[in-house]
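What follows is each chain in one-letter form.
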Amino acid sequence: MKLGVVGPFRYDYMQGIFKRIPDCEIIYVPESYIRAGANVRQLLESDVLWTNVPYYQGLVASMLHSTFQIPFVLNLEGYPWLQHVQHVRCGVANLSLQDLAELAFHFADRIVTYPDCCRGRFVDRYPEHAAKTTCVPYGCRFSGRAVPERPLDRKPVRLLLVSNVELYEKYAGAVMVVDMMEHLKDDVSLTVAVAGDTRNELRAYIESKKDPRVRYLGYVEDMGKLYAESDIMVYATFQDLMTYALVEAQYWGLPVVVASEHNSPENVKGLFVPMSAERLAHGVSSLIADPMQRQALGRAGAKFVREHLSDDAIAQQYSRLFREVIEANERGGGAYGGIRLGLPGVTSKAEEAAVAELCLAALRVTDKRTRSEKLGELRNILNQNSDR
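Residues numbered from 1 in each chain as written. Predicted model: local features only at pLDDT ≥ 70, side-chain atom pairs only at ≥ 80, totals over all residues. Heavy atoms only, no water.

**Some remarks on the overall build of the protein chain**
Basically, it comes down to this: Under the scheme used here, helices are H or I runs from DSSP no shorter than 4 residues and strands are E runs no shorter than 2 residues, and both carry numbers assigned from the N terminus. Only protein chains enter the calculation, and the probe is 1.4 Å; a residue is then buried if its accessible area is under 20% of its type maximum, exposed if over 50%, and partly exposed in between. Contacts are assigned to residue pairs with any non-hydrogen atoms lying within 4.5 Å of each other.
Looking only at helices and strands, the protein chain has 15 helices and twelve strands in total. For the protein chain, buried positions account for 55% of its 388 residues. Excluding contacts between residues fewer than 6 apart, the proportion of contacts in the protein chain whose partners are at least 24 apart in sequence is 69%.

In structure tokens form, the structure reads like this:
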């Protein structure tokens, strides 16, 4: 099987997963090549295409699918971003990132999300794609690294918050965890790390609290070391439990205390509490008072991650998914019973091919003005078809 990987985010991790798929040859075109409009003809040798960025990369996969009938799998780990980019221009013609994403949604044979609540939000917004949307869990990038035993009598007890949903909920969950410290009288410390740019809002809030027990680190390169040196992971979110941090913390044997509005924690085996700083503090105090329960939770989470979210387990799921899509494409008509869900108003393969040819023409040129004109033509066609 030849897997065409179209310039994705977090490729280093996914490359490790895909290399574990038996008889899988990876054809990788970097994101920088795609954004520069470089020749992507090497992808024509692919049996199946994969990307987890639905914008420029999704556009390339869509055009190759429609023009050359190469099946296309889209991961939507970044789907929540879409609600923030509806009006962000992508630098070509009048297309927004939302426009590019919706092109990818229409052309993809299979759309992968995780967890189920993320799939639910996507299907609620795009019910026409429900039949081809499925879930594959996140794995753990630390698979194979040794995890040291942590002392149960360490003082102060080291609490850890890794916030990586700050963009979506404006730090509300992280703020709740910081506020939790006001209700903790135990001998504890809290370290706060973030996965990405914080724009200093969270840091400013922590500094305003003037609590010497709370330490803000910002972005941390070696998260494994930080997990290994902590005792309890504390997390709160109004969104969902799709964060890598909870999977990774469990891999390192950290007991997890979570405040969440969602009750289907497919990837978390921890202590769940209602959404409040006080209830978070109560949950943390209960684990501090019972070191054996703390240890048992940590071991249960680590066992779950190793058995269900290891690189090998995730690779097996992707292997089945890719081969199902390839076999369906060979039977003709795409993934689900020969029914392809095309662009709104585009009623024939000839029209799909015409749209894809415009995409190809736009990406072949390096002059920005010419590319803008080509994608402007594409935008006009889509608008006309949508009005039919």
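**Let's talk about the pairing of strand E11 (residues 256-260)**
Condition: Here a strand pair is declared whenever DSSP counts at least two bridges between the two strands.
Here E11 lies mainly inside the structure; five of its five residues are buried. Across the two faces of E11 the burial is the same, with Val256, Val258 and Ser260 and Val257 and Ala259 all buried. As judged from the five bridges shared by strand E10 (residues 232-237) and E11, these two strands associate in the parallel manner. By the bridge assignment for E11, Thr237 is matched with Ser260. In this sheet, strand E12 (residues 271-273) lies alongside E11 in parallel orientation, the contact comprising three bridges. In the sheet register, Ala259 faces E12, and the bridge partner there is Val273.

**Regarding the sheet that holds strand E4 (residues 72-75)**
Basically, it comes down to this: Structural elements are reduced to axes, namely lines fitted to C-alpha atoms, with helices fitted over the stretch in contact, and the angle between N-to-C directions of any two is expressed from 0 to 180 degrees.
Read from one edge of the open sheet, six strands run E2-E1-E3-E4-E5-E6, paired in parallel fashion. Strands with a single pairing partner mark the edges of an open sheet, and in this sheet they are strand E2 (25-29) and strand E6 (133-135). Neighbour-to-neighbour, the strand axes of the sheet open up by a mean angle of 25°, direction not taken into account. Bridge analysis of strand E5 (residues 110-113) against E6 gives three bridges, and the strand direction is parallel. What sits directly across from Thr113, in E6, is Cys135.

**What about unusual backbone geometry?**
Note the cis peptide between Lys155 and Pro156, where omega equals -5°. Along the chain, Pro156 turns up in the loop between E6 and strand E7 (157-163). At Asp23, a residue that is not glycine, the phi angle is positive and equals roughly 55°. Along the chain, Asp23 falls in the loop between helix H1 (11-18) and E2. The class of Asp23 is exposed, set by a relative accessible area of 68%. Look at Lys210: it is not a glycine, yet its phi comes out positive at around 55°. Checked against the element boundaries, Lys210 lands in the loop between helix H8 (201-209) and strand E9 (214-219).

**Details of the nonpolar core**
Stated formally: We define the nonpolar core as a collection of buried residues of types Ala, Val, Leu, Ile, Met, Phe, Trp, Tyr and Cys that are connected through side-chain atoms lying within 4.5 Å of one another.
In terms of nonpolar packing, the biggest core is built from 78 residues, with Leu159, Met180 and Tyr318 touching the most fellow members. Contact partners of Leu159, with chain neighbours within four places excluded, come to Met180, Met181, Leu184, Val188, Ser189, Leu190, Thr191, Ile232, Val234 and Val284. Judged by nonpolar contacts, the second largest core, of 27 residues, contains Leu64, Leu74, Phe107 and Tyr126.

**A look at the packing of aromatic side chains**
So the rule is basically this: Only the six-membered ring of Trp is used, alongside the rings of Phe and Tyr, when aromatic pairs are assigned; centres must lie within 6.5 Å, and planes under 30 degrees apart are stacked while those over 60 apart are edge-to-face, with the rest tilted. Put simply, a charge is over a ring when the Lys NZ or the Arg CZ is close to the ring centre, within 6 Å, and near the line of the ring normal, within 35 degrees.
Per the counting criterion, the structure on display carries eight aromatic pairs. Following the ring pairs from residue to residue traces out a cluster consisting of Phe18, Trp50, Tyr318 and Phe322. The lysine or arginine in question, Lys269, covers the ring of Phe304, its NZ or CZ lying 4.7 Å from the ring centre.

**Things to note about the sheet that holds E9**
The six strands lie next to each other as E9-E8-E7-E10-E11-E12, forming an open sheet whose pairing is parallel. Each edge of the open sheet is held by one strand with a lone partner, namely E9 and E12. Looking at each pair of strands side by side, their axes are set apart by 20° on average, direction ignored. Bridge count for E7 against E10 is two bridges, and the pairing is parallel. Its bridge partner lying in E10, Leu160 is registered against Met233. Seen against the sheet, H8 touches E7, strand E8 (188-194) and E9 and runs at an angle of roughly 170° to E9. Those strands touched by helix H10 (residues 244-251) are E7, E10 and E11, and its axis lies near 165° from that of E10.

**Details of the packing of helix H7 (residues 172-180) against H8**
Cut-off, in case you're wondering: Roughly parallel covers angles under 35 degrees, roughly antiparallel covers those over 145, roughly perpendicular covers 65 to 115, and oblique covers all other angles. Note: crossing handedness is left-handed where the near helix turns anticlockwise from the far helix by less than a right angle, and right-handed where it turns clockwise. Gly falls in the polar group here, along with every residue not listed as nonpolar (Ala, Val, Leu, Ile, Met, Phe, Trp, Tyr, Cys, Pro) or charged (Asp, Glu, Lys, Arg).
Packing of H7 against H8 leaves a shortest axis separation of 11 Å and a crossing angle of 15°. Taken together, H7 and H8 sit at an angle that is classed as roughly parallel. When you trace H7 past H8, the crossing you get is right-handed. Facing H7, whose interface residues are Ala174, Val175, Val178 and Asp179, H8 presents Leu202, Tyr205, Ile206 and Lys209. Among the residues forming the contact of H7 with H8, the class breakdown is six nonpolar, no polar and two charged.

**Overview of the packing of helix H11 (residues 277-289) against helix H12 (residues 291-308)**
Where H11 meets H12, the axes come as close as 5 Å, and the angle between the chain directions of the two elements is 105°. One way to sum up the angle between H11 and H12 is to call them roughly perpendicular. Facing H11, whose interface residues are Ser286, Leu287, Ile288 and Ala289, H12 presents Pro291, Gln293, Arg294 and Leu297. Residue composition of the contact of H11 with H12, by class: five nonpolar, two polar and one charged.

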